[in-house]
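# Summary of structural features
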Amino acid sequence: MTFWFIVGSQFLYGEEALAKVAEDGKKIAEGLSGLPFPVEYKLTAKTPKEIEDIVKKANFDDDCAGIITFCHTFSPSKMWINGLARLQKPWLHLHTQFNKSIPNEELDMDYMNLHQSAHGDREHGFIGARLRTTRRIITGYWKDEKVLSQIAGWQHAAVAAAFSKNLVIVRFGDNMRQVAVTEGDKVEAQIKLGWQVNTIAVGDLAEEMDKVTDAEIDTLVAEYRSQYDMDDKDIDTIRYQAREEIAIEKILVREGAKAFTNTFEDLHGMKQLPGLATQHLLSKGYGYGAEGDWKTAGLVAIFKAMYPECPTAFMEDYCYDFEQGLILGAHMLEVCPTIAATKPRIEVHHLGIGGKEPPARLVFEGRAGSANAVSLVDVGGRMRLIAQAVECVKPTKTLPNLPVARAMWKPAPDLETGATNWLIAGGAHHTALTFGASESDIRDLARILGIELVRLDENTTPDQLEKELMLGDLIWNK
Ligand code: MN
């Protein structure tokens, strides 16, 4: 995807100045070429019609992930209203200046008229505030690493938002019975996030499984063998998981879906809960949420799309170690192997719930590092995104009798405060645990999508959080 660079100016300074503005604008766009996604100089904006036209084009161009604006000179902002009021793409206001410093003798009134983003960008900032248009502002010299890295993060968030707007999620079966937090308003999710969340009958999946050929299974099992440790005594069980994976993926491809859910309570016609099958699909970039949790499935898919090279897993908070201040996370099967610190091993064990045959699953230890645990909850009338800073550690216990993948982490600032904050905010037991998206990326994503973000980190206290949420109810329930 591409980002469009639009430079603000006006006719006041003459043709020569405008030519220089355009030339500098192109140079800045070229200077941004090292970013993760290309930035294309589009226009030096001088009239309301030019701005409106370019915004309309951006809105309907599927390849345009967002616009980046900068006012090289003063650019009167009433000129921008009709365009910006119609903008449907993410907007970055890059508050920079063509030259890094103020020259001494070269500086005269002509220079001042040309290089006055400190002046022009204030007018531009005002109209963004006045229109209450969602935008990100990044300030600094356009060649500085810090600025480039901030723009890069925003680009990733904008591309992830575009992915969200086209996301299709397949639900094999409904939510787990009686569970509250995995429920939610799918109409609201589609309006705000773009997600199309629809069901496919589990019986149709079982039929698709019957059609999978031995040759297809052979190929996938060879892939398992190349990536994971496995024991051939389990081969029949492993082959059954391959059959499930192939059938699930065929349906996802047919539906144009990048995420799915299922539930152990609805596996009619299936002999095993998909474990290895789901984990391998997760490793290929699909989102997943267990027990019908389509909200977490969507989040996992989005973070995988935001940073395809970075680990993101479907995760569940399970047990506390109050002695060490750590949370043990796992799931009955479906943790994504991208977070593995050890080579995953395919194992077959009895599963105490669901009443099906013992399923094959990947067992491994999660990696260490800074991450974010992210949850999306429907708090009635709106979606709330909750993102907690966590520090993952190498699991401190070997847990020889735990037959599933596991991870351990400390929420910021400590287990007791972090867990209290999580409960106050209403965060789910399911999360997308992502090592890719930073706080700033998640903030950009929430801003672009227009949903509430509750950030929980080392500075969050329960008292402040309660007040923030009460204010949030006033702000968001309009
Ligand atoms: Mn669960």
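Quantities reported herein were computed from a predicted structural model and do not represent experimental measurements.

### Quick look at the overall build of the protein
- Looking only at helices and strands, one finds 15 helices and 18 strands in the protein.
- Taking the principal axes of the C-alpha coordinates as reference, the protein spans close to 80 × 50 × 40 Å.
- Within the span of the protein, comprising 478 residues, buried residues form 57% of the whole.
- At a minimum sequence separation of 6, the contacts of the protein that also span at least 24 residues come to 78%.
- Counting only carbon and sulfur atoms, one obtains 52% of the accessible surface of the protein, whose full area is about 20,500 Å².

### Digging into the nonpolar core
- Counting 93 residues, the largest nonpolar core has Phe 172, Trp 195, Tyr 224, Phe 303, Ile 346, Leu 385 and Leu 445 as the members making the most contacts within it.
- Residue-level mapping places this core at the junction of two domains, with at least three residues from each of domain 1 (2-164) and domain 2 (166-476).
- If sequence neighbours within four positions are ignored, Trp 195 has contacts with Ser 164, Leu 167, Ile 169, Lys 186, Ala 189, Gln 190, Trp 294, Lys 295, Gly 298, Leu 299, Ile 302 and Leu 376.
- Counting 32 residues, the second largest nonpolar core, distinct from the first, contains Val 21, Val 39, Ile 138 and Val 147.

### Concerning the layout of surface pockets
- What the largest pocket holds in volume is close to 1,200 Å³.
- Together, 44 residues line the largest pocket, and Thr 134, Arg 447, Ile 448, Leu 449 and Gly 450 are the ones closest to its centre.
- At the level of secondary structure, the elements contributing two or more residues to the lining of the largest pocket comprise helix H2 (48-60), strand S3 (64-71), helix H6 (145-165), helix H7 (186-193), helix H14 (439-449), strand S18 (452-456) and helix H15 (462-476).
- The residue inventory of the lining of the largest pocket, partitioned by class, reads 22 nonpolar, seven polar and 15 charged.
- Residues from two domains meet in the lining of the largest pocket; each of domain 1 (2-164) and domain 2 (166-476) gives at least three.

### Some details on the sheet that holds strand S8 (residues 259-261)
- The four strands are arranged S7-S6-S8-S9 in an open sheet whose pairing can be described as parallel. Each edge of the open sheet is held by one strand with a lone partner, namely strand S7 (196-200) and strand S9 (287-289). Within the sheet, the average angular offset between the axes of one strand and its neighbour, ignoring direction, is 20°.
- Pairing between strand S6 (residues 168-172) and S8: three bridges, direction parallel. Within S8, the position partnered with Arg 171 by the bridge is Thr 261.

### Section: the domain arrangement of the protein
- In terms of domains, the protein is made up of domain 1 (2-164) and domain 2 (166-476).
- Centre-to-centre separation of domain 1 and domain 2, based on C-alpha positions: 38 Å.
- At the junction of the two partners, domain 1 supplies 14 residues and domain 2 supplies 18 residues.
- Taking both sides of the interface into account, the surface hidden between domain 1 and domain 2 amounts to around 1,400 Å²; carbon and sulfur atoms contribute 64%.
- On inspection of domain 1 and its partner domain 2, the count reaches one salt bridge.
- Residues Arg 136 and Asp 444 are paired through a salt bridge, measuring 2.7 Å at the closest nitrogen-oxygen approach.

### Some remarks on the coordination of the manganese ion
- Coordination of the manganese ion by the protein comes from Glu 291 (OE), Glu 316 (OE), His 331 (NE2) and His 430 (NE2), over a distance range of 2.1 to 2.2 Å.
- Spacing between the donor residues of the manganese ion along their common chain follows E-x24-E-x14-H-x98-H. Linking Glu 316 in strand S10 (residues 312-321) with His 430 in strand S17 (residues 430-434), this pair joins segments that are 114 residues apart in sequence. Exposure class is identical for Glu 316 and His 430. Each is buried.

### Here we look at the pairing of S10
- Across five bridges, the pairing between S10 and S17 is antiparallel. Among the inter-strand pairings, Phe 314 is bridged to a residue of S17, identified as Ala 432.
- In this sheet, strand S11 (residues 326-330) lies alongside S10 in antiparallel orientation, the contact comprising four bridges. Across the sheet, residue Cys 319 finds its bridge partner in S11, namely Leu 328.
- Joining the antiparallel neighbours S10 and S11 is a turn of four residues, in which Gly 325 adopts a positive phi near 70°.

### Thoughts on the packing of H6 against helix H12 (residues 294-306)
- One way to put it is that H6 packs onto H12 with a least axis distance of 8 Å and a crossing angle of 135°. Put simply, H6 runs oblique to H12. The crossing of H6 and H12 is right-handed. In contact with His 156, Ala 157, Ala 160, Phe 163 and Ser 164 of H6, H12 contributes Ala 301, Ile 302, Ala 305 and Met 306.
- In terms of residue class, the contact of H6 with H12 is made up of seven nonpolar, two polar and no charged.

### A short note on helix H1 (residues 15-31)
- Over its 17 residues, H1 extends 24 Å from the first C-alpha to the last, a length consistent with the 24 Å expected when each residue adds 1.5 Å.
- In this structure, the buried side of H1 is in contact with strand S1 (2-8), strand S2 (39-45), S3 and helix H4 (109-114).

### Quick notes on empty space enclosed by the protein
- Going through the model one piece at a time under the given rule, you end up with three cavities of 30 Å³ or more.
- Taken together, Phe 264, Leu 267, Leu 273, Leu 351, Ile 353, Gly 354, Gly 355, Lys 356 and Glu 357 form the lining of the largest cavity.
- Classifying every residue of the lining of the largest cavity by side-chain character gives five nonpolar, two polar and two charged.

### A word on the sheet that holds strand S4 (residues 91-95)
- Spatial ordering of the open sheet is given by S2-S1-S3-S4-S5, a layout of five strands whose pairing is parallel. Sheet topology places S2 and strand S5 (136-139) at the edges, where each strand pairs with a single neighbour. The average angle at which neighbouring strand axes cross in this sheet is 25°, direction not considered.
- Where S1 meets S2, six bridges bridge the pair, whose relative direction is parallel. The residue bridging Phe 3 from the neighbouring strand is Val 39, located in S2.

How each quantity is defined
- Numbering of residues begins from 1 in every chain and follows the order in which that chain's sequence is written.
- In view of the model being predicted, local features appear only for residues whose pLDDT reaches at least 70, and side-chain atom pairs are presented and counted only at 80 or more, with totals across whole chains, interfaces and linings using the full set of residues.
- Side-chain descriptors were evaluated using all non-hydrogen atoms of the structure, hydrogens and water having been removed beforehand.
- Strands here are runs of E lasting at least two residues and helices are runs of H or I lasting at least four, both read from the DSSP assignment and numbered beginning at the N terminus.
- Type-normalised accessible area, obtained with a 1.4 Å probe on protein chains alone, sets the label of each residue: buried when under 20%, exposed when over 50%, and partly exposed for intermediate values.
- Residue contacts are defined here by distance: any two heavy atoms, one from each residue, within 4.5 Å place the two residues in contact.
- Working definition of accessibility: Shrake-Rupley area with a 1.4 Å probe, residue cover restricted to the visible protein chains.
- Working definition of a nonpolar core: buried Ala, Val, Leu, Ile, Met, Phe, Trp, Tyr and Cys residues. They are joined through side-chain atoms within 4.5 Å.
- Segment limits for the domains were obtained from an automatic or database-derived domain assignment.
- Of the grid points, spaced at 1 Å and generated over the protein atoms alone, those admitting a 1.4 Å probe that cannot get out make up cavities, while open sets with protein on both sides within 12 Å along at least five of seven lines make up pockets; any residue with an atom within 4 Å of a point is treated as lining.
- Grid points are joined across faces, edges and corners, and a volume is the space filled by probe spheres set on the points.
- Just so you know the grouping, Ala, Val, Leu, Ile, Met, Phe, Trp, Tyr, Cys and Pro go in nonpolar, Asp, Glu, Lys and Arg go in charged, and all remaining residues, Gly too, go in polar.
- At least two bridges found by DSSP between two strands are what make those strands a pair.
- Note on definitions: angles span 0 to 180 degrees between N-to-C directions of axes, and those axes are lines fitted to C-alpha atoms, for helices only across the stretch in contact.
- As used here, buried area is the combined drop in accessible area, with a 1.4 Å probe, of two parts when they are placed together.
- The salt bridge criterion pairs a side-chain nitrogen of Lys or Arg with a carboxyl oxygen of Asp or Glu, the two atoms within 4 Å.
- A donor here means an N, O or S atom no more than 2.8 Å from the metal, or no more than 3.2 Å when the metal is Na, K or Ca. Since water is not included, a site may seem to lack partners.
- Should an angle fall under 35 degrees it is taken as roughly parallel, and over 145 as roughly antiparallel, whereas 65 to 115 is taken as roughly perpendicular and any remaining angle as oblique.
- Left-handed describes a crossing in which the near helix is turned anticlockwise from the far one by less than a right angle; the clockwise case is right-handed.
- Every helix has an expected span of 1.5 Å times one less than the residues it contains.

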